[in-house]
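What the coordinates show
These are the residues of each chain, in order.
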Amino acid sequence: MQNSKTPKLTVVGAGPGDVELITLKAIKALENADVVLYDALVNEELLQYATQAEIVFVGKRLGCHAYTQDQINELIVSMANRYGHVVRLKGGDPFVFGRGSEEIEFAEKFGLETAVVPGISSALGVPASVGISLTQRKVAESFWVITGTTSSHELSKDVHLASQSAATVVILMGMHKLDEIISIYQENRTDDLPIAIIQNGTKNSEQKVVGNISSIANLVAEKNISSPAIIVIGEVVKNTSKLTSYFQEHFEDEFIFQNLNL
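Worth saying up front: this structure is predicted, and the values here are computed from it rather than measured. (Residues numbered from 1 in each chain as written. Predicted model: local features only at pLDDT ≥ 70, side-chain atom pairs only at ≥ 80, totals over all residues. Heavy atoms only, no water.)

1. Topic: helix 7 (residues 216-223)
- Those residues of helix 7 that fall on the buried side of the exposure criterion are I216, L219 and V220. What you see down the axis of helix 7 is that its buried residues fit within an arc of 100°, all on one side. Turned more than 90 degrees off the buried face of helix 7, the exposed positions are N218, A221 and E222.
- Directly beyond the C-terminal end of helix 7, a positive phi value near 55° is found at N224. (Buried < 20%, exposed > 50% of the residue type's maximum accessible area, 1.4 Å probe, protein only. Helix = DSSP H or I, 4+ residues; strand = E, 2+ residues; numbered from the N terminus. Arc of directions from axis to C-beta.)

2. Focus on the pattern of salt bridges
- Applying the stated rule across the entire model yields 8 salt bridges.
- E103 is the partner of R88 in a salt bridge, and the nearest nitrogen-oxygen pair spans 3.2 Å. Here the residue R88 occupies a position in strand 6 (residues 85-90), and E103 occupies one in helix 3 (residues 100-109), the gap between them amounting to 15 residues.
- Classification of R88 by relative accessible area gives buried; the value is 0%.
- Here E103 and K90 are joined by a salt bridge, their closest N and O atoms 3.2 Å apart. Here the residue E103 occupies a position in helix 3, and K90 occupies one in strand 6, the gap between them amounting to 13 residues.
- Within this structure, D39, R88, K90 and E103 form a network of salt bridges that share partners. (Salt bridge = Lys/Arg side-chain N within 4 Å of Asp/Glu carboxyl O.)

3. Section: the sheet that holds strand 3 (residues 54-57)
- Pairing is parallel in the open sheet, where 5 strands are placed in the order 3-2-6-1-7. Because the sheet does not close on itself, it has two edges, and the strands there are strand 3 and strand 7 (113-117). The average undirected angle you get between the axes of adjacent strands in this sheet is 20°. (Pairing = 2+ DSSP bridges. Axes fitted to C-alpha atoms, helices over the stretch in contact; angles between N-to-C directions.)

What follows is the structure in structure tokens.
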């Protein structure tokens, strides 16, 4: 029997990990979905809202792909034509290094209706959840959000430019490039900037280390911090309200601490 529903794609941002950090509009999309294609960084507890949908995992991690991007694009179209409403559930915001626009463009070529539900990007939500304000008066007037892995699997050249700026720098998908990032900052700067790394941000499994450019590699190794993690570099890390009193009491001008219960 041929599907009578209108083929449709809704690209939905699932937020940074905490199940409560998803929008009401995203939940409604899941409730109305006929198919949900979800990524590796999506909290699977969110799938409980898709009570009427077929659930398919299409996640990609470094070196491990359930589907290639081309296969995901084709799956969206075939599932929409077969079942109706496909929800493409992505971690964070689908338009911040999420390839959401590419999937929409592909779907529209085949006549699918499309919609987007924005999500809280991990680039913003994770630092905020541990008290790091990406901008602060008299400290940082702007911030960069940079991918640690380009389509050619190299570190973005923007890191070189950002390292010379007073702006806060947030690097996503950059843990396997951490040594290279540190080297760039040491080459381009004479100061030893504060840096925070948060793994599994906003989830119960969250871990974090905070140090400076010269110390962070050792701290990461000691605490076995790995992907998925957010890297935040800049003076705002040190000036975070939840941390300032701790610095003054324990380290004065030193900036080495780890795994505080923020």
